[in-house]
Number of protein chains: 2
Amino acid sequence: MGLKLGIVGATGAVGIEAIKLLEKSRIEISELRLFASSRSVGKKISFLGEELAVQELSSNALRNLDFVFFSAGSSISAIFAPKAKENGAVVIDNSSFFRMKPEVPLVVPEVNGEDLKNHQGIIANPNCTTALLSVALWPIHKIATVERVIVSTYQAVSGAGAKALLELDTQVRHYVQGKPIVPEVFPEQIAFNVFSHNSPIAENGYNGEENKVIQELKKIFHCPGLNVCATCIRVPVFRAHCESVVVETARKITAEETRRILASSPGVEVIDDPQNGLFPTPIKASGKKEVLVGRIREDLSHPRSISFFLSGDQLLKGAAWNALQILQCLIN
Amino acid sequence: MGLKLGIVGATGAVGIEAIKLLEKSRIEISELRLFASSRSVGKKISFLGEELAVQELSSNALRNLDFVFFSAGSSISAIFAPKAKENGAVVIDNSSFFRMKPEVPLVVPEVNGEDLKNHQGIIANPNCTTALLSVALWPIHKIATVERVIVSTYQAVSGAGAKALLELDTQVRHYVQGKPIVPEVFPEQIAFNVFSHNSPIAENGYNGEENKVIQELKKIFHCPGLNVCATCIRVPVFRAHCESVVVETARKITAEETRRILASSPGVEVIDDPQNGLFPTPIKASGKKEVLVGRIREDLSHPRSISFFLSGDQLLKGAAWNALQILQCLIN
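Everything numeric in this text was worked out from a predicted model, so none of it was measured.

A. Geometry of the relation of the copies chain A and chain B. It takes a turn of 180° to lay chain A on chain B, together with a shift of 0.0 Å along the axis; the resulting RMSD is 0.0 Å. Considering both components of the superposition, the chain copies are consistent with a two-fold axis. Comparing interface residues between copies, 100% of those in chain A also lie at the interface in chain B; the contact surface is shared.

This is how it looks when you write it as structure tokens:
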């Protein structure tokens, strides 16, 4: 008897990845119900040789499901995740809506999978940048206690959805064809440019993405006093985020010790080969479930600090893969 | 009676900018002698309506000049800058060869223009990333004493010369035409990718570019004990570098105070408008002499720390414009 699973946002960038991962997983599924916005209703999506029609989302349509994965934005999750829960399903929500609610576990299985035990029907999947960062930081935290994190990001456009992917493609084509480049999805030209993440700036001077990283990391690590500074920047990359990270620890650790610990940590792949100039890049990380970590070195500006550079597929470990890992933990 | 000026590396990205800046400057020039590698000899370059032929570089050809600007790499500077000096010229060298020599001033006029008084015939122009950073940091240092700097860069390809510019263009055309992308100048694909700066990794785990930033900043600021951590990353941008900066200071300063000080500092333009989402970008900085600074905010992870994001044209303030400013200081 397999699982009855719903995916809300099935035609989005993360939804598509989730369906692909499910096809390859050993999770037995007896029913897969796909939901998307009204303009995608009726669209056919192939799953294990079957053609499944995308349905319209409603409270009724969420009945008789074991799990529902939401990745259709906060406003959809706010309304329909509680409905799915009332109908008896367990919700894994990729939006930011429930992440900071005290009763909702915010889970990266490699870090705080234990928190799943206390769920009350809704589990939150973290922001993509936070998920990638937490996987690389946790092994360091366990051996040396992280006291402060400073992170600057290099974020791919696919984090902003399928329209943003198309915008980079279109702008580059216009460049080659000598046509003017007119931003439509992003507020600034994205081709051959970088800009501050396009989420609104809050009272504290940090943008929405930065505040998510700062707050979510504290919650996932169970460290409300963790000191975090984040600068989130978009770069003209299709897929996979990068992060330049400086970590101050309570106990001094060497680069060598950090490299050794990370190399044996779940969800991490160390690519750190100065001889051959091989380090993490978004191209290497695209399509991978692991977070790639390299440029591991002692921070010359502080006696107990390590610096590194990571790349990770924000659609996989940053979203769909993390959600599937949560599902696997819940089943086992 | 105008100056007799030589430019070594006249056909390179920085040389071309230097010639354009000289044309627009008020510096009176009686002779401009242009040098480049043998394959460019005889090439004509227009200067104030005249067509000047590019000459082959030799010790003899460097005679009877007042100033020579070198931007043709360290090995050329190592041999010919001392020759130009012996011949009586003052050298402004854009290579890294002389930068850390104690007898050679390393000058950013807004910061340590005073150091020019002690020159002995050779003056070094800093690394582009360092020059941009120093302009934004110095006003903060003057009011609050900078103790530690953590910088992550987003560096344009033009810092690696004309071939690198062409490589990004070619790779993007191949993408649009559906052809395979094969890296030739850079070790990794640059289109739709970011990677650790392609300078060799030194013993201390930092690459050449990072060590330049770390060492040069200390020298320019006359602060051998300044704590600096740098991570240098290439991004698929044609022109202008960006830097995500965290600065710890001895005295606590607010974001508002920092913004006010930077807004009235020479060589800095503050673009920091959260309401309209306007911040520095490489496209805004391209062709500008000023370093654009924005996202100025208090670092939530430290009691005396400020974070900001800058963009600056590395061919101008990072190279040719800084050299021309040095020349103007020397003439006055």
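B. Spotlight on the UniProt feature "binding site: substrate" (unreviewed entry) in chain A. Residues and elements named next belong to chain A. UniProt annotation of "binding site: substrate" (unreviewed entry) refers to Gln 155 and Arg 234 when read in the numbering used here. Spanning 80 residues, the named residues nonetheless gather at one spot, since no C-alpha pair among them exceeds 4.6 Å. Look past the residues within four positions of Gln 155 in its chain and what remains in contact with it is Thr 129, His 197, Glu 209, Cys 232, Ile 233, Arg 234, Val 235 and His 241. Note that Arg 234 resides in strand S12 (residues 233-234).

C. Looking closely at the side chain of B:Ser40. Residue and element names in this part refer to chain B. Considering the arrangement of structural elements, one finds Ser 40 in the loop between strand S2 (29-36) and strand S3 (44-47). For Ser 40, a relative accessible area of 12% puts it in the buried group. Discounting chain neighbours no more than four positions away, the residues touching Ser 40 are Thr 11 and Val 54.

D. Representation of the interface of chain A and chain B within the structure. Across the contact, 57 residues belong to chain A and 57 residues belong to chain B. Between chain A and chain B, roughly 4,700 Å² of surface is buried when both sides are summed, and carbon and sulfur atoms account for 59% of that area. There are 10 salt bridges connecting chain A and chain B. Two residues, A:Glu188 and B:Lys284, come together in a salt bridge whose shortest N-O distance is 2.9 Å.

E. Representation of the pairing of strand S7 (residues 90-93) of chain A. Residues and elements named next belong to chain A. Judged by which residues are buried, S7 turns out to be covered on both faces: Val 90 and Ile 92 on one side and Val 91 and Asp 93 on the other are all buried. Alignment of strand S6 (residues 67-70) against S7, held across four bridges, turns out to be parallel. When the sheet's bridge partners are listed, Phe 70 is paired in S7 with Asp 93. Each parallel crossover has a hand, and for S6 linked through helix H2 (residues 74-86) to S7 it is right-handed. Looking at chain direction, S7 and strand S8 (residues 122-124) are connected through three bridges and run parallel. What sits directly across from Ile 92, in S8, is Ile 123.

F. How the structure looks around the pattern of salt bridges. Taken as a whole and assessed by the stated rule, the structure comprises 40 salt bridges over all chains. Between A:Glu110 and A:Lys317 there is a salt bridge whose closest N-O contact spans 2.7 Å. With A:Glu110 in helix H3 (residues 109-112) and A:Lys317 in helix H9 (residues 316-331), the pair connects residues that are 207 residues apart, well separated along the chain. The burial state of A:Glu110 is the same as that of A:Lys317; both residues are buried. Across the pair A:Arg295 and B:Glu210 runs a salt bridge, and its minimum N-O distance is 2.6 Å. Pair noted here: A:Arg295 is in strand S15 (residues 291-298) and B:Glu210 is in helix H6 (residues 208-220), and the two residues belong to different chains. Taken individually, A:Arg295 and B:Glu210 each receive the classification buried, so the pair is uniform in this respect.

The rules behind each value
Residues numbered from 1 in each chain as written. Chains lettered and ligands numbered in written order. Predicted model: local features only at pLDDT ≥ 70, side-chain atom pairs only at ≥ 80, totals over all residues. Heavy atoms only, no water. Least-squares fit on C-alpha atoms with pLDDT ≥ 70 in both. Contact = heavy atoms within 4.5 Å. UniProt positions renumbered as here; feature names shortened; annotations may be inferred. Helix = DSSP H or I, 4+ residues; strand = E, 2+ residues; numbered from the N terminus. Buried < 20%, exposed > 50% of the residue type's maximum accessible area, 1.4 Å probe, protein only. Buried area = accessible area lost by both parts, 1.4 Å probe. Salt bridge = Lys/Arg side-chain N within 4 Å of Asp/Glu carboxyl O. Pairing = 2+ DSSP bridges. Right-handed = clockwise from strand over helix to strand, strands pointing away.

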